[in-house]
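Observations on chain architecture
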Amino acid sequence: MKYHTKMIVLFLAALAVLLLGIGIGSVYVAPSDILAIIANHLFGTALPESLPSSYPAMVLNMRLPRVILAFLTGAALAISGTVTQSILQNPLASPFGLGISSGAALGAAIVIIFGLTAAGLGTFLLPSVSLGFALLTMFFVILISSRLDRGVSNITIILVGTVFSLFCNAIMNLMATSTPDYAERVQLWLLGSFSMKEWNAVWVLALATILGLIFFLFYARELDVMTFGEDSAQAMGVDLLKIKRILLAAIAILTGAAVAFVGVIGFVDLIAPHIVRRWFGAAHKKILPASALFGGTFLVLCDLAARTLLPAREIPIGAITALLGAPFFLYIFFAGRKNS
């Protein structure tokens, strides 16, 4: 099957899942009604006479922003995971393991526990602080890795990132334990959720995801070369240290932007790149857009499961992705050992 055919199949699957995610809930909305509501909102076309009056507001203000935000979050995490694995040449590497998500979570916990406010930012304060902490964590990971290893080897980055991840988690647990009134709210944020999200978050993350994808496509050749190893990349004239710093900073921005709005969601950045590479090969001009589509589709399905598996209750999205991701992690680990 040719690349364009595969992308069309993946795009149609993504569209079907988006309609499914919007339609299924406490009240079912048919795909034709969803499309009619969107067309009415965008182009002013007439709504079906049989459509209940409450459906347009429910679709446009509740379900549509939630589903699109889930798709964009999955796309952003999948793109970041693809680039991280290529840079570090490790099938188990992910932004989550580098401490980026933990740093973002620590920033959010500080805002929640200390009740920080800022004039002009409003609801964007928590995402802004969370993104800032994600960037700060990545900065320290690169800085310390450079001091420990002048060549900034992949193993050094992974180890330092793991240490920072554990350190940020320890601080969060200490803060939550010392302020039990806020512990539950922090815990819920750490498990992730797409509920009660507004269109402002959708637009910001959409811009970050699109710009991130374009940026990484610009470095597709370097990523292709780095996949074959550091020695091969240096032999072909790639400035590894410079490229690593640039790409890791960009990963921190994209991952931090995703985590900042919805909380910590793990394993999407691990699962999506592996499945996409098996189907699309290794060329980053192909797998980056495919990873975005697959990651978004996957997370919409996870969110659908999170809000429908238990009656009248919502499972944290991070719990769903962990249930799927943990066995997948073990599969990759043992498959890698078997092939080595």
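Everything discussed here concerns the structure shown above.
Residues numbered from 1 in each chain as written. Predicted model: local features only at pLDDT ≥ 70, side-chain atom pairs only at ≥ 80, totals over all residues. Heavy atoms only, no water.

Quick word on the overall build of the protein chain
If you tally the helices and strands in the protein chain, you get 14 helices and zero strands. In sequence order, the secondary structure elements of the protein chain are arranged as α-α-α-α-α-α-α-α-α-α-α-α-α-α. Its C-alpha atoms give the protein chain a radius of gyration of 21 Å, within 12% of the compact-globule value 20 Å for 340 residues. Principal axes of the C-alpha set define a box for the protein chain whose edges measure 70 × 55 × 40 Å. Taking all 340 residues of the protein chain together, the buried fraction comes to 49%. In the form shown here, the protein chain has an accessible surface area of approximately 16,600 Å², with 69% of it arising from carbon and sulfur atoms. Separation between the mean location of the 20 positive side-chain charges and that of the 14 negative ones in the protein chain comes to 8 Å. (Helix = DSSP H or I, 4+ residues; strand = E, 2+ residues; numbered from the N terminus. Rg over C-alpha atoms; globule rule 2.2 N^0.38 Å. Buried < 20%, exposed > 50% of the residue type's maximum accessible area, 1.4 Å probe, protein only. Areas by Shrake-Rupley, 256 points an atom, 1.4 Å probe, with all protein chains shown as cover. Lys, Arg positive; Asp, Glu negative; His and termini not counted. Charge placed at Lys NZ, Arg CZ, Asp CG, Glu CD.)

Looking at the nonpolar core
Counting 103 residues, the largest nonpolar core has Ile87, Trp189, Phe194, Phe216, Leu248 and Ile265 as its most contacted members. The greatest single-element share of this core, amounting to 17 residues, is contributed by helix H3 (residues 55–88). Other than its neighbours up to four places away in sequence, phenylalanine 194 contacts Arg66, Leu69, Ala70, Thr73, Val262, Ile265, Leu299, Asp303 and Ile317. (Core = buried A, V, L, I, M, F, W, Y, C linked by side-chain atoms within 4.5 Å. Contact = heavy atoms within 4.5 Å.)

What about the environment of alanine 70?
Within the fold, alanine 70 resides in helix H3. It is 21 Å that separates the C-alpha atoms of alanine 70 and alanine 250, two residues lying 180 residues apart in sequence. Aside from chain neighbours lying at most four places away, what touches alanine 70 is Phe194, Gly296, Leu299, Val300 and Asp303.

Some details on unusual backbone geometry
The backbone of glutamine 89 shows a phi angle near 50°, a positive value even though the residue is not glycine. Inspection of the secondary structure assignment puts glutamine 89 in the loop between H3 and helix H4 (100–114). Although it is not a glycine, phenylalanine 267 sits at a positive phi angle of roughly 75°. Here phenylalanine 267 lies in the loop between helix H11 (240–262) and helix H12 (268–280).

Focus on the side chain of serine 130
By the secondary structure assignment, serine 130 is in helix H5 (residues 125–148). Given the relative accessible area of 0%, serine 130 is considered buried. At 2.8 Å, the side chain of serine 130 forms a polar contact with the backbone oxygen of alanine 104. Those residues in contact with serine 130 that sit more than four places away from it in its chain are Ala104, Ala105, Gly107, Ala108, Trp189 and Ala260. (Polar contact = N/O pair within 3.5 Å; in protein donor to acceptor, adjacent residues only side chain to side chain.)

Regarding helix H1 (residues 3–23)
A rise of 1.5 Å per residue sets the reference length of H1, with its 21 residues, at 30 Å; its end C-alpha atoms lie 30 Å apart and thus fit the reference within 8%. Taken together, the buried residues of H1 touch helix H2 (31–43), H3, H12 and helix H13 (284–308). (Expected span 1.5 Å × (residues − 1).)

Section: the packing of H1 against H2
Here H1 crosses H2 at 90°, and the two axes come no closer than 9 Å. The angle between H1 and H2 places the two elements in the roughly perpendicular class. Taking contact as the criterion, the partners of Leu19, Ile22 and Gly23 in H1 are, on H2, Pro31, Ile34 and Leu35. Of the residues belonging to the contact of H1 with H2, the class tally is five nonpolar, one polar and no charged. (Axes fitted to C-alpha atoms, helices over the stretch in contact; angles between N-to-C directions. Parallel < 35°, antiparallel > 145°, perpendicular 65-115°, else oblique. Nonpolar A, V, L, I, M, F, W, Y, C, P; charged D, E, K, R; others polar.)

Re the packing of helix H6 (residues 154–178) against helix H7 (residues 180–191)
The N-to-C vectors of H6 and H7 enclose an angle of 140°; their axes lie 6 Å apart at closest approach. Taken together, the axes of H6 and H7 are oblique relative to one another. Residues Met172, Ala176, Thr177 and Ser178 of H6 form the contact with H7, whose participating residues are Pro180, Ala183 and Leu190. The residue makeup of the contact of H6 with H7, split by class, is five nonpolar, two polar and no charged.

Focus: the packing of aromatic side chains
What characterises a pair of aromatic rings is the spacing of the ring centres plus the angle enclosed by the ring planes. Applying the stated rule across the entire model yields nine aromatic pairs. For the pair phenylalanine 215 and tyrosine 219, a centre-to-centre distance of 5.2 Å together with 50° between the ring planes defines the contact as tilted. Since its relative accessible area comes to 30%, phenylalanine 215 is described here as partly exposed. What makes tyrosine 219 buried here is its relative accessible area of 12%. Residues phenylalanine 294 and phenylalanine 298 carry aromatic rings whose centres are separated by 6.5 Å and whose planes lie at 5° to one another, so their mutual orientation is stacked. One end of the pair is phenylalanine 294 and the other is phenylalanine 298, both in helix H13 and four residues apart, which spans about a single turn. (Phe/Tyr/Trp six-rings, centres within 6.5 Å; stacked < 30°, edge-to-face > 60°.)

Considerations on the environment of alanine 201
In this fold, alanine 201 is placed in helix H8 (residues 199–218). Once the C-alpha coordinates of alanine 201 and valine 262 are considered, the two residues, 61 residues apart in sequence, prove to be 9.3 Å apart. Excluding residues that lie within four positions of it along the chain, alanine 201 makes contacts with Leu69 and Phe261.

Regarding the pattern of salt bridges
All chains considered together, the criterion is met by three salt bridges. Of the charged contacts, one joins glutamate 314 and arginine 66 as a salt bridge, the two residues approaching to 2.9 Å between their closest N and O atoms. Here the residue glutamate 314 occupies a position in the loop between H13 and helix H14 (317–339), and arginine 66 occupies one in helix H3, the gap between them amounting to 248 residues. Overall, the relative accessible area of 11% leaves arginine 66 in the buried class. Put simply, aspartate 303 and arginine 307 hold a salt bridge, and the shortest N to O gap is 3.4 Å. (Salt bridge = Lys/Arg side-chain N within 4 Å of Asp/Glu carboxyl O.)

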